[in-house]
Every structure is written in C-alpha cells, then in structure tokens.
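Notes for the structure review
Here is how the chains run, residue by residue.
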Amino acid sequence: MEGIKVGHFTDERRPTGCTVVLCEGEATCGVDVRGGWPGTRLTDALDPVKGASDTILVQAIALSGGSNFGLATASGVEQYLREKYIARLGAAAKSKPMAFAVPAAIIYDIELGDWTIVPNAESGYQACLAAKAGPVPEGNVGVGNGATVGKMFGMKQSMKSGLGTSSIKVGDSGAVVGAIAAVNALGDVIDPRSGKIVAGARAETGFLNEMGELRRGHGVLPVEWNTTIAVVATNATFTKTEMNKIAQMASAGLARTINPVFTTWDGDTVFAISTRAPSLKTRFEVSAIGAIAAEALSEAILRAVRNARGIPGIPALRDLPGRAAGPGHP
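Details of the confidence of the model for the chain
- Of all residues in the chain, 94% attain a pLDDT of 70 or more, and the chain-wide mean is 91.
- The spread of mean pLDDT over the elements of the chain runs between strand β15 (residues 326-327), the lowest at 48, and helix α2 (residues 121-129), the highest at 98.

Focus on the nonpolar core
- V183, V189, V232, F238, I246, L297 and I301 are the most contacted members of the largest nonpolar core, which totals 43 residues.
- Of all elements in the fold, only β9 (176-184), β10 (188-191), β11 (196-199), β12 (227-234), α4 (240-250), β14 (269-274) and α6 (286-306) reach the threshold of two or more residues within this core.
- Here the element with the most residues in this core is α6; it accounts for eleven residues.
- If we skip the residues at most four places from it in the chain, V183 touches A147, T148, V149, S161, G162, V189, T227, T228, I258, I301 and A304.
- By size, the runner-up hydrophobic cluster in this structure holds 26 residues, among which are C23, L63, V136 and I180.

A word on the layout of surface pockets
- Of the volumes computed, that of the largest pocket is approximately 410 Å³.
- Along the wall of the largest pocket there are 23 residues; nearest its centre are M1, G134, V136, S166 and S167.
- Of all the secondary structure elements, the ones that give two or more residues to the lining of the largest pocket are β1 (4-11), β8 (163-169), β9 and β12.
- Split by residue class, the lining of the largest pocket holds 13 nonpolar, five polar and five charged.
- If you add up the space inside the second largest pocket, you get close to 340 Å³.
- In this structure, the second largest pocket is lined by 16 residues; those nearest its centre are C23, E24, L81, K84 and R88.
- For the lining of the second largest pocket, the elements supplying multiple residues, two or more each, are β2 (16-33) and α1 (73-89).
- Here the residues of the lining of the second largest pocket sort into nine nonpolar, two polar and five charged.

Some points on the packing of aromatic side chains
- Under the counting rule described, the total for this entry stands at three aromatic pairs.
- Look at Y85 and F100: their rings are 5.9 Å apart centre to centre, the planes differ by 80°, and that puts the pair in the edge-to-face class. With Y85 in helix α1 and F100 in the loop between α1 and β5 (104-106), the pair connects residues that are 15 residues apart, well separated along the chain.
- The ring of F262 carries R34 above its face, with NZ or CZ at 5.7 Å from the centroid.

Structural notes on the pattern of salt bridges
- Counted according to the given criterion, the structure contains eleven salt bridges.
- The shortest N-O distance in the salt bridge between D11 and R13 comes to 2.9 Å.
- By relative accessible area, R13 is classed as exposed at 61%.
- Close ionic contact of E78 with R41 constitutes a salt bridge, the shortest N to O distance being 3.0 Å. Highlighted residues: E78 in helix α1 and R41 in strand β3 (residues 40-41), separated in sequence by 37 residues.
- Three or more residues joined by partner-sharing salt bridges are found here, namely D191, R193 and R306.

Some words on α2
- Looking only at α2, the buried set comprises S123, G124, Y125, A127 and C128.
- Contacts made by the buried residues of α2 are with β1, β2 and α1.
- The N-terminus of α2 is capped by N120, whose side-chain oxygen sits 3.1 Å from the backbone nitrogen of E122.

Some remarks on the environment of G313
- As for its position among the elements, G313 is in the loop between α6 and β15.
- Distance in space between the C-alpha atoms of G313 and V6 is 30 Å, their sequence separation being 307 residues.

As for the packing of α4 against α6
- Their axes nearest at 7 Å, the elements α4 and α6 cross at an angle of 40°. On the basis of the axis angle, α4 is oblique to α6. In the crossing of α4 with α6, the sense of the turn from one axis to the other is right-handed. Counted together, E242, K245, I246, M249 and A250 of α4 and V286, S287, I289, G290, A291, A293, A294 and L297 of α6 form the full contact between these two elements.
- Of the residues in the contact of α4 with α6, the class split is nine nonpolar, two polar and two charged.

Calculation criteria
- Residues numbered from 1 in each chain as written.
- Predicted model: local features only at pLDDT ≥ 70, side-chain atom pairs only at ≥ 80, totals over all residues.
- Heavy atoms only, no water.
- pLDDT = per-residue confidence, 0-100.
- Helix = DSSP H or I, 4+ residues; strand = E, 2+ residues; numbered from the N terminus.
- Core = buried A, V, L, I, M, F, W, Y, C linked by side-chain atoms within 4.5 Å.
- Buried < 20%, exposed > 50% of the residue type's maximum accessible area, 1.4 Å probe, protein only.
- Contact = heavy atoms within 4.5 Å.
- 1 Å grid on protein atoms, 1.4 Å probe; cavity = no way out; pocket = protein on both sides within 12 Å on 5 of 7 lines; lining within 4 Å.
- Points joined across faces, edges and corners; volume = space filled by probe spheres on them.
- Nonpolar A, V, L, I, M, F, W, Y, C, P; charged D, E, K, R; others polar.
- Phe/Tyr/Trp six-rings, centres within 6.5 Å; stacked < 30°, edge-to-face > 60°.
- Lys NZ or Arg CZ within 6 Å of the ring centre and 35° of its normal.
- Salt bridge = Lys/Arg side-chain N within 4 Å of Asp/Glu carboxyl O.
- Polar contact = N/O pair within 3.5 Å; in protein donor to acceptor, adjacent residues only side chain to side chain.
- Axes fitted to C-alpha atoms, helices over the stretch in contact; angles between N-to-C directions.
- Parallel < 35°, antiparallel > 145°, perpendicular 65-115°, else oblique.
- Left-handed = near helix turned anticlockwise from the far one by under 90°.

Structure below.
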C-alpha cells in the first residue's frame, strides 16, 4: 500500500521478534481492544473522546513478541524516527521539538525457549532499518516468529502459527485495504468459507475442536496467555472517530476465523490506520471500508497459519499434509 513500509526483526536465538509498520507520512489511527488481557501502548490516546479528535497522528505501529517486555520495541522505533527528523531538519531541529506517536501491542510467546530473550528497543530500531514497501514476508518472521494457536489443552497439542498479510483493491475506486496479523490465539483457526478447522489443538488424527470440548465440559480450567494483534490500513481518508469504527468492524475478521476468541486469556487488539493518500479525493463510506477490512484481516489470519513453519515439538499446517480439516463447530 502506498505510504506504508513494513519491517521485521526476527530473533534467531529463540522464537520471538517484532514487526514495525512505518507510515511515510502521518496517519490517522483508531484501535479496538477486545481481549481480556491486552499488552498495549498509547491506545488510550487513540480514543476519540480523549484529546483533540484528529490532531493526534501516528508515525508507526510496533507489534512485538516477548510479552510486556516487548513494548520496549516502540522506544527503538521512536529513536529511529527522531534521528530521521533531526537529519532532515539539521540544526533547526533543536528549536523544533517533536514527539512521535508509536502505538504498540504485544503477544505472549515467552513460553518458547529462553524467556529472558525478548525484543527490546534495539530490535524495534533494526525492524525500522529493514522496513520496505511492497510484499511482506510471512510466516515465522518478526512478531510471528513465536506465534502458536490451539493452546486450550496445553502447548503439547498446539500448532505453529505466524504472521500473515492481505491486501484488497476496492474495484476501480483507487482505494486499498490491507491487513497484517500475528496470530497467537488460544482458539482454533477456522476457514470461514468451509467452516473447517485448519489449525488448532491437535488430536491423534484431526483436531480436538476446542468449542466442542468446552461444550462437553473439558478445557474449563485456566490456561496460558495468548493474543492476536493486527493492523488494518487504508489509503482512504477518515477521521480518528471513523478509524475507531473501522477497527471495531475489522475485529469481526478475528471472530470469523478464530474460535474461541476475545477470551480473558487473549489480548486481542486491532489497530486501523488511514494514510490519507493525497491523490485519492473520493469520500468513502466508513461501513464499507470497515466491512472490507474484516475480510482482509480474515484472509491475513489464514495466511499466518498457512505460511508458518513448524519448530521442534510444535508442527505447522504444512508439516501435516495428511491432516484433514476438521469441523469448526460442535
């Protein structure tokens, strides 16, 4: 999408990392936080009832592994943005202070390997240096490096997930809606077109079907922390209030593809950004773009599990070619 670059830092020492969405200009941003245990930064500032409605613009969004420790990556992103700002203005920068807005969200991946290895400010800075326009690497990269799904019955029956993306051109209107998601869900991942589970809690053959087990009284004890975090973006121009509505509608993409979702053990968070492309003069309907954003996010979630690679003890979908998709509903 025009006006956006994405960069990854992938830690090879253990499955973790971070991903940065850089806005080449400033972007209007909203957020929808539906998970019961979110790890976020600056989300209150995106609330349209707080502060001046459209004067708070964002320059980047950081998505990180490492649980709450990973929120430090946003500081590295701010350092990168500050250096670019000073380099552009030169000596004049000293008399023109600038505070950068970098909202962030994290996933809980510290159960994999040495939990003391977490993304930090330097990781965020390196992700900025790696940021590029165009197609985004998917699977076990950046924030998706430590993502897993189907954990209601423990990590031994979970599957490897990752990071996925999607982009939808809205006819010949010039509008584009994209999505990027790190899928680290407690629940199973379901293809909404077929209603079948494509990744989740594994049985000896097929899938356990977490919702079916819940209805039978299994899996009702506390579990580990989880989360799906995402960014949806459009080049169409909207206000902060409208972007919050688009983020809210985009969250339907999670509900279509993950079950159960928005639990007390998930920190599900969806950011929505508008790059406000100057070349796009058309005024678009908020609900239409929100509905398309939900479609894009649903596709990104499916791509996250389909592009993931297994790690020792936790296979990915591609590692189980004989495993048929199971029923998505009890």
